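Descriptive structure summary
Each chain is listed here by its residues.
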Amino acid sequence: MTDLTSRKDAALAAIAAAPSLDALDEQRVAALGKKGWVSLELKTLGAMSADERKQAAPAIQAVRSDIAEAIDARRAVLEAAALEARLASETIDLTLPAPEKPKGSIHPVSQVMDELAEIFADLGFAVAEGPEIEDDWHNFTALNMDETHPARAMHDTFYFPEEDGAEHRMLLRTHTSPVQIRSMKKQGAPIRIIAPGRVYRSDSDATHTPMFHQVEGLVIDRDIHLGHLKWTLETFFKAFFEREDIVLRLRPSYFPFTEPSVEVDVGYSNEGDRRVVGGHGDDEGYDWMELGGSGMVNARVIEMVGLDPAEWQGFAFGLGIDRIAMLKYGMNDLRAFFDGDPRWLEHYGFSPFDQPTLSGGVGARA
Amino acid sequence: MKFSTTWLKDHLETDASLEQITDTLNAIGLEVEGVEDPSERLAGFTVAKVLTAEKHPDADKLQVLSVDTGEGEPLQVVCGAPNARAGMKGVLGQPGAVVPANGMELRKAAIRGVESNGMMCSRRELELGEDHDGIIELPDDAPVGYSFADYQGSSPIIDVAITPNRPDCMGVYGIARDLAAAGLGTLKPIAIPGFEASGECPIDIRTDDPDGCPAFYGRVIMGVTNGPSPDWLQQRLKSAGQKPISLLVDLTNYLMLAYGRPAHAYDLAKLSGAVVARRAEPGEQVTVLNDKTYTLDESMVVIADDRQVHDIAGIMGGADSGVSDQTTDVLLEIAYFEPARIGVTGRKLGLASDARTRFERGVDPAFLDKGLELLTGLIVELAGGTASAVSRAGSPPSERKVVAFDPALTAKLGGVEVAENEQRRILESLDFEVANDWQVTCPLRRHDIEGPADLVEEVVRIHGLDQVESVALPRAEGVARPTATPNQMLERKLRRAAAGSGLNEAITWSFISEDEAERFGGGDWTLANPISEDMKVMRPSLLPGLLSAVQRSFDRGLASARVFEIGRRYLREDEKPALAAVLAGEATPRSWQTGKARGFDAYDAKAVCLTLLEAAGAPVDRLQVMGEAGEAYHPGQSATLRLGPKNRLASFGVLHPALLKSYGIEGPVAALEIELEAIPHKKDGKGPVSFARPGFAPPPLQSVTRDFAFLVPEDVSAGDMVRAVKGADKTDIVAARVFDVFTGEGVPGGQKSLAFEVTLQPQDKSYTDAQLKAISEKVIAAAAKLGAELRG
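Residues numbered from 1 in each chain as written. Chains lettered and ligands numbered in written order. Predicted model: local features only at pLDDT ≥ 70, side-chain atom pairs only at ≥ 80, totals over all residues.

A closer look at the overall build of chain A
Stated precisely, the cut-off is as follows: Secondary structure follows DSSP: runs of H or I at least 4 residues long count as helices, runs of E at least 2 residues long count as strands, and numbering of each begins at the N terminus. We compute the radius of gyration over the C-alpha atoms and compare it with the globule rule, which gives 2.2 Å times the number of residues raised to the power 0.38. The contact rule is simple: place each C-beta atom from the backbone, and if two of them lie within 7 Å, those residues are in contact.
Of regular secondary structure, chain A possesses 12 helices and 11 strands. By the compact-globule yardstick of 21 Å for 366 residues, chain A is too spread out, its C-alpha radius of gyration being 42 Å. Taken over the C-alpha atoms alone, chain A extends approximately 130 × 45 × 45 Å along its principal axes. For chain A, contacts bridging at least 24 residues in sequence account for 67% of all contacts bridging at least 6.

Take a look at the structure:
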C-alpha cells in the first residue's frame, strides 16, 4: 500500500465522518485546498519528466476525484439533514385563522329581478323601465281610471303637492302599470316587456310596507288571448320555481285597465310553517294562494296610447316581486327586506357568482 | 260583503252545498274571503225543558232545576234567572260547551253546595243580543234535545269581496242572480208585501240639482210604530255584520244589504216645508249620524228642508231628522245620485259609508219604484201605518246601452270556444237582451259594461275561466335574443362587482326625513301625505338610507358594516340611477397577525370605487382625482373622480363627523357614491356586434425597474407627480407607482419625500446604460417642473 493510498483512505474516512458542513470544508481545504496535500501532490507532477508524469499522474488524479466525489456526497447528506432540521424548526400552527375576506351579497329582490329578466328574455320579453315619480295621467287616467273612479281611491296613493305642465297631479306610482303606457306610447306594437321596479302605497303593517316591488308583464300583438296569458304565467312559474307541478287557477276579477280581468291563484301546500308552491289547490292538503292580477288589456287603454284596438290586443299581468322571492327563498318577514341588516343580507342574499342562467337553472340552490 | 246562506236562499232556490256555493262564487268573480259557521260557536247548546224548579236551600236568588235534555235522566242545574220555571223551554249548555260571550268552558260544579250540571243561557251569553234579564224562553213546540244552532237556523256566513265594478252584487239578491246564471239554482221573484196607498204625498219633494240628483222619489207613511225588529230581520242584519237598531232603520238597511239599494227614512215631525235635493251652500254645516259635523261646499248635493240640511246626499243622513223610537210618521227617500259626484264629496269629506260605496259605484236606476214599494210594504207590514202615494221628482237615467257584439270575440279575446246559444243563455240570464243580430241591450244596473270585451268577460266568467286552455306564445326562431339595455348591463355588473368586493347589497326606503334630506342638500320632492315624518322626502342621495342601516347594525352590536345600494336619487328634473356604499366599523378586525383592528379610511373607499368603475367599463386610468365631494364628507379626506372637470363619475372619502353624529354613529366611516349615468359606455354601431379585441402579444424583453425618491413641496399631490413621471417618456415608461411617502427626520419642513418605482419596457432591444441614464434624466427633469428634487 502506497503512502498515497493510505492518505486517501484516511481522508475519505474523515470526510465520511465530518459532523458538519464546516468540518467537511476543513477536510476539503486539507485535501483539495491550494495548500492541501492532494494539490501539493499534483504540483509535484510539474517537476517530473513526461514519462514519470505519465506514470504518476493517473493515481494522483484518481485520488483527487475520489475525494471530491466523497466531499460532494457528504455535503448532500449534511445539507439534507440541515434542511430537515430547519424545516422542523419552522413548523406553524395551521389551526390559527387565516385573514378573513368579507363576503358580499346580492339582495334577494335584485337576484329575483335578474331571474325574471333571464326567464322572460327566453320568451322574447325585454325589460322596460319608467319613473317612480309619476303623474296621475300615466298612473290612473291612461289606465282607465279617471279622476272619479272608485278604484283610484283604493290605491292608497302617495301624492306630491306638485302638478306637472299639463296640470297632472304628481304622485308615487302605485303599480308598475304606468310603464305599460309609456312603453306602448314609445314603441308601439307588437310589444313584449316586463317592467320590474319599486312601487308605493301609503299602507304599513306587518305584511305591507309603503314601498315594495312589482313586475309588470305586457304582450300586445294581433291574436293574443287569455289562453296565452295562462300559458305565459304557467311557463314562467314553472321556470321560476323549477318544478313541473305548478297549477294555476284563474278567477274573474276587476281591474279598470284589463277586460276581462283575471286574478291568478297558484296551488300550494304547507311544509311546516312554510308555503311550498306546487300541486292542485283543490286537492287534500293543498290550497290556493293569490299571486297577482292580470287580464286582457282594456281596449280603452290601447286607444289611450294611440293604438287601434281593432288591430291590437294582448294581456298584462302584475306580480309582487318581494312576495315571489319570499315564496321561493323562504323569508317570512317583508319588513326585513328594507332594514339593511348585514346579517340578514348575508343569510338571505346571494353570492355574486349566482348569476342566473338558463343552463344552470335560474334559481340559486340553498 | 257578508250574508248567511239562509239569507241567500231567500232569493235563490237551490240544493247546492256550501262548498258548491263558495266554489261557484269564486269561479264567477265574487271572491270568497271567508266562511264562518256560527253553529260551531253554539256547539253543545241544546233545546231543553225545565221539569221542576225548586228554591236553592242556601241561596235566595237561586233555583235548582231539573232539566229534560231529551236523552237519559234529567239533569240537575242551578240557575239564577228570575224567569226560570217549571214547564218552560230554554237553551241548555252542558259541560264542555264554551260560552260564546266569555269563552268559558262549562263544567260540572257545586254552587253553594248543590251540584249543577250545566247552564241555562241568556241571549247575551250566547251573543244573540243584549238581553240578560233572564234565560232564553223558547216556544212550546221547540224540540227538546235538538241542537239550538239548528233550531234557530243559524246558517254559515259567507264573506265575499265585491269588486268596484259590480255594485249590482252589493246586495244578496244580486249575488243570487249571478249564482243562478252560473247554474246554481233559480232566482226567486221579489215578493212585495201588499199595501194600499192612500192620498197624495203630503210633503213637497223637489230636485233643484238634476245633474247631481236626477231623481228623488219619496212617500210618507203615517202612524207607524217603531221598535225592535223581528228575529228574521235581526238575524239577517247580524249575519251581514250590522247591528240591529230599530225596525225603521233596520228595514232601510235591509233594502240596502238585500238589494243593494240605499234609502233613507226621515222623521216627518222634524221636517219643515218642502224637502229638496240641492247643492250645499259654501260653508253650510250638517251633523250626521256618526255625530260628526261636516262643513260642505257648493259641489256637494244635500237633502234639505226649509230650515236646514238633513242629509249629505247618498252618503249619510242627518242626526237631527233620523227616526227614533218615538217616530210615528216617516218620509221615505229613494233617490238616484250622480255616482262621480258622490265619490268626490265622500273623498273631500273623508266620509265613508255603505250608502256611499253603492252610490258612487252606481245603484240600479231601474230599481227606484220597486225599491220604494218593497220598503213601504215591509214597513206597513211590520210597523203598521198608512202609506201615501209616491211623489216623484225628476227621473233616473233610462237609456240602456246597446253593444254590438260578435260572439266570435269570446274565442278571440277569451281564448275559449263557447257555443253561441250558450253565450246567449248566459247573457240573458244576467238580464241582457240579445237580439238576433247580436245587438246586446244592457240592464241599467250594469254600469260597468262599456263594450264587447265586457260581454266576453260575462260569458267567460259564467262559462268558467277554468275552461281556458293554455296556448303557447309564438316564439321567434332560434336562440332567444339578448334584451338587456346598456344601462341594465351596467347595473348588473356594478351590483355583482360590489358584492364581489365584499359588500352586502341593501334596499332602503326611497323616502327619508326632512332633516336627513337637508344634510344632503335638501330633497326636491316632498310628499303631501307621508305615512310618517321619517318617510317624507324623496331621497336626494342613497347615503341616508345606508347610514340608518349602519346605525341600526351598530345598535345591534355589529362591529362592522359594508353595505351598498343601487337605486334612484329623486331630483327635480329626473330620477338618477346611483350606487352608494358605506364602509363602517372595522376594516380588519384585531388579529394575531396584524395586531389592532383597523378602521376604514378614504383609501378603502377609493379602492372600491376604482374596482367598481373598472368593472363598469369606465376608463379608470384616465380618471382625475379632484375635490368637491360635497358637504357630507370630511373636507380634507374626500375627493371626486372625474373625466374632465365637469364629468363627475364618483365621490368618495371619509364622511363628515357632524353627519355621523346626527346618526349617532361613531366614526370614521368611509363612503362612496357613483353616478351611473356619468359612466361612459360604448355605443353599439350598426351591423353585427364586434367581439374581437385589439391585437396584443406580451413584449418578449425583460422589463427594468428603477426607483426614484424626490423631495416634493407638500402641496404637490402624489397624483400630479405620478402623471409627471409617467409623462416623462411615454414609450418606455409603462408604469410608475408610489411606494413610499415620508415626512419627518431628514426631510425639510414644507416638503415630503415621495418614492416611485418606475417600470421601463424595452421594445426591440435591451437598454444600454446610456439609454437608461437618459430616461432617468427625463424623469428627474419632469419632476423638477413640479418643484421636486431627487434625494441624494
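Here we look at the overall build of chain B
We count it as follows: Every C-beta atom is placed from the backbone, and the number of other C-beta atoms within 10 Å of a residue's own sets its class: buried at 20 or more, exposed at 12 or fewer, partly exposed in between.
Along its length, chain B carries 20 helices and 41 strands. Over its C-alpha atoms chain B spans a radius of gyration of 42 Å, topping by over 25% the 28 Å that the globule rule assigns to 792 residues. Overall size of chain B, expressed as C-alpha extent along the three principal axes, is 130 × 80 × 60 Å. The burial tally for chain B puts 44% of its 792 residues in the buried class. Of the contacts made within chain B by residues no fewer than 6 positions apart, 69% connect residues no fewer than 24 positions apart.

Digging into the interface of chain A and chain B
Worth spelling out the cut-off: Residues are grouped as follows: nonpolar covers Ala, Val, Leu, Ile, Met, Phe, Trp, Tyr, Cys and Pro; charged covers Asp, Glu, Lys and Arg; every other residue, Gly included, is treated as polar.
Taken together, the contacts link 69 residues of chain A with 74 residues of chain B. With seven residues, helix α9 (residues 226-241) of chain A is the largest single contributor of residues to the side of chain A that touches chain B. The residue inventory of the side of chain A that touches chain B, partitioned by class, reads 38 nonpolar, 18 polar and 13 charged.

Describing the packing of helix α1 (residues 3-17) of chain A against helix α4 (residues 50-89) of chain A
Residue and element names in this part refer to chain A. Just so we agree on the cut-off: Axis angles are defined between N-to-C directions and span 0 to 180 degrees, where every axis is a line fitted to C-alpha atoms and, for a helix, only to the segment in contact. The labels follow the angle: roughly parallel below 35 degrees, roughly antiparallel above 145, roughly perpendicular from 65 to 115, and oblique for the rest.
Interhelical geometry of α1 versus α4 gives an angle of 5 degrees and a closest axis separation of 9 Å. With respect to their mutual orientation, α1 and α4 come out roughly parallel. For the pair α1 and α4, the contacting residues are Leu4, Lys8, Ala11, Leu12, Ile15 and Ala16 in the first and Ala59, Ile60, Val63, Asp66, Ile67, Ala70, Ile71 and Arg74 in the second. When the residues that make up the contact of α1 with α4 are grouped by side-chain class, the tally is 11 nonpolar, no polar and three charged.

Concerning the sheet that holds strand β38 (residues 704-713) of chain B
Residues and elements named next belong to chain B. Test applied: Whether two strands pair comes down to DSSP finding at least two bridges between them.
Strand order in this open sheet of four strands is β39-β40-β38-β41, and the pairing throughout is antiparallel. The open sheet terminates on both sides in strands that have one partner only, identified here as β39 (733-742) and β41 (789-790). Each of β38, β39 and β40 (751-760) touches helix α19 (residues 718-727); the most contacted strand, β39, lies at about 145 degrees to it. Helix-sheet contacts for helix α20 (residues 769-784) involve β38, β40 and β41, and the interaxial angle to β38 is about 25 degrees.

Regarding the sheet that holds strand β10 (residues 119-120) of chain B
Residues and elements named next belong to chain B. Pairing is antiparallel across the open sheet formed by five strands, whose spatial order is β6-β5-β4-β7-β10. Bordering the open sheet on either side are β6 (75-79) and β10, each of which pairs with just one other strand. Pairing geometry for strand β7 (residues 89-93) and β10, over two bridges, is antiparallel. Paired with Leu92 across the strands is Met120, a residue of β10.

Section: the nonpolar core
Applied cut-off: Definition of nonpolar core: a set of buried Ala, Val, Leu, Ile, Met, Phe, Trp, Tyr and Cys residues joined via C-beta atoms within 7 Å.
Counting residues in hydrophobic clusters, the biggest one holds 174 residues, and the most contacted among them are Leu248, Val302 and Val330 of chain B. Residue contributions to this core peak at 10 residues, all from helix α7 (residues 247-259) of chain B. Apart from the residues within four sequence positions on either side, Val302 of chain B is in contact with Arg278, Ala280, Val286, Leu296, Val309, Asp311, Ile312 and Ala313 of chain B. Grouped together as the second largest cluster of nonpolar side chains are 77 residues, Ile133 of chain A together with Ile507, Leu613 and Ala670 of chain B included.

Thoughts on unusual backbone geometry
The linkage connecting Ala189 of chain A with the following residue, Pro190 of chain A, adopts the cis geometry, with an omega of 0 degrees. Along the polypeptide, Pro190 of chain A turns up in the loop between α8 (177-187) and β5 (191-200). The amide bond that connects Glu259 of chain A to the next residue, Pro260 of chain A, takes the cis arrangement and shows omega of -5 degrees. Positionally, Pro260 of chain A belongs in strand β8 (residues 258-271). Of note in the backbone geometry, Asp291 of chain B takes a positive phi value of approximately 70 degrees without being a glycine.

Structural notes on α7 of chain B
Residues and elements named next belong to chain B. Threshold: Expected span, for any helix, means 1.5 Å times one less than how many residues it has.
Look at α7: 17 Å from first C-alpha to last across 13 residues, which is about the 18 Å you get at 1.5 Å a residue. A large share of α7 lies buried, amounting to 13 of its 13 residues. Once α7 finishes, Gly260 follows within two positions and takes phi at roughly 65 degrees, a positive value.

Details of the environment of Ser501 of chain B
You can see Ser501 of chain B is positioned in the loop between α14 (486-500) and β28 (504-505). C-alpha separation for the pair Ser501 of chain B and Leu92 of chain B, spaced 409 residues apart in sequence, amounts to 73 Å.

Some points on the pairing of β40 of chain B
Residues and elements named next belong to chain B. Of the strand pairs in this sheet, β38 and β40 are connected by 10 bridges, and their pairing is antiparallel. When the sheet's bridge partners are listed, Arg706 is paired in β40 with Val758. Pairing of β39 with β40 involves eight bridges; the strand directions are antiparallel. Across the sheet, Phe742 pairs through a bridge with Ser753, a residue of β40.

Points about the confidence of the model for chain A
Test applied: The predictor attaches a confidence to each residue, called pLDDT, with possible values from 0 through 100.
Scored by pLDDT, chain A has a mean of 91; 99% of the residues are at 70 or more. The secondary-structure element of chain A with the lowest mean pLDDT is helix α7 (residues 150-153) of chain A, recorded at 76, while strand β6 (residues 211-221) of chain A shows the highest, at 97.

Brief notes about helix α2 (residues 18-27) of chain B
Helical geometry note: an α-helix holds 3.6 residues per turn, so side chains three or four residues apart project in the same direction. Residue and element names in this part refer to chain B. Selection rule: Throughout, the arc means that of the directions going from the helix axis to the C-beta atoms.
Taken residue by residue, α2 has Ile21, Thr24 and Leu25 as its buried positions. Projected down its long axis, α2 carries its buried residues within an arc of 105 degrees, all on one side. The inward-facing, buried residues of α2 abut α1 (5-11), β3 (31-36), β11 (157-161) and α5 (172-181). Among the residues trailing α2, Gly29 stands out with phi positive, at a value near 95 degrees.

Digging into the packing of α19 of chain B against α20 of chain B
All names here are of chain B. Inclusion rule: Left-handed describes a crossing whose near helix is turned anticlockwise from the far helix through less than a right angle; right-handed describes the clockwise counterpart.
Packing of α19 against α20 brings their axes to within 8 Å, and their N-to-C directions diverge by 145 degrees. The handedness of the crossing between α19 and α20 comes out as right-handed. For the pair α19 and α20, the contacting residues are Met721, Ala724, Val725 and Gly727 in the first and Val779, Ala782 and Ala783 in the second. Grouping the constituent residues of the contact of α19 with α20 by class yields six nonpolar, one polar and no charged.

Details of the confidence of the model for chain B
Residues and elements named next belong to chain B. Looking at chain B, pLDDT values average 92 and 100% of them are 70 or higher. When mean pLDDT is taken per element in chain B, β28 scores highest with 98 and helix α3 (residues 38-41) scores lowest with 78. Interface predicted TM-score (ipTM) for the complex: 0.90; the corresponding pTM is 0.85.

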